[in-house]
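Coordinate inspection notes
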Amino acid sequence: CMELTQSVLDASASVQVAPLQFGGGFIELAILFVILAVVAAVVGASGVAGVSMTIAKWFVIIFVVLAVVSLVI
């Protein structure tokens, strides 16, 4: 029982605590939707192009807000 307790303590000591991070990837998603919008516009699907640009715009806005908040905190 003592060995089990010691091994659990050793295992818990080796766990690294990382700060809470938000991966997101909003810029990558925004670029993806801009490319989708350009391709849709070239093909002639103006509805899909418009929606894709709107989504890309919102991803950029969210990215900028989160970047400013992370710099302030």
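Here goes a summary of the coordinates provided. Just so you know, these numbers come straight off a predicted model, no measurement behind them. (Residues numbered from 1 in each chain as written. Predicted model: local features only at pLDDT ≥ 70, side-chain atom pairs only at ≥ 80, totals over all residues. Heavy atoms only, no water.)

**Focus: the overall build of the protein**
The following threshold applies: Secondary structure elements follow DSSP: runs of H or I of four or more residues count as helices, runs of E of two or more count as strands, with numbering from the N terminus. Using a 1.4 Å probe, the Shrake-Rupley method yields the accessible areas, and only the shown protein chains count as cover for residues.
Within the protein, the secondary structure is distributed over 3 helices and 0 strands. Helices (α) and strands (β) of the protein occur, in sequence order from the N terminus, as α-α-α. A total accessible area of about 6,000 Å² is found for the protein, and carbon and sulfur atoms account for 76% of it.

**Re the side chain of Ser52**
Counted only if it meets this: Identification of polar contacts relies on pairs of N or O atoms within 3.5 Å, with a donor-acceptor requirement for protein atoms, meaning one able to donate a hydrogen and the other able to accept it, and with residues adjacent in sequence counted only if both atoms are side-chain atoms. Note on contacts: a residue pair is in contact if any heavy atoms of the two residues lie within 4.5 Å.
Among the secondary structure elements, Ser52 is positioned in helix α3 (residues 46–72). At 2.9 Å, the side chain of Ser52 forms a polar contact with the backbone oxygen of Val48. Discounting chain neighbours no more than four positions away, the residues touching Ser52 are Phe33, Leu36 and Ala37.

**What to know about the packing of aromatic side chains**
We apply this condition: Centres within 6.5 Å make a pair out of two Phe, Tyr or Trp rings, where for Trp the six-membered ring is used; the pair is then stacked when the planes are under 30 degrees apart, edge-to-face when over 60, and tilted otherwise.
Evaluation of the coordinates by the stated rule reveals 1 aromatic pair. Pairing Phe33 with Phe59 gives two aromatic rings, centres 5.8 Å apart and planes at 40 degrees, and the pair type is tilted. Taken together, the residues Phe33 in helix α2 (residues 26–43) and Phe59 in helix α3 connect sequence positions 26 residues apart.

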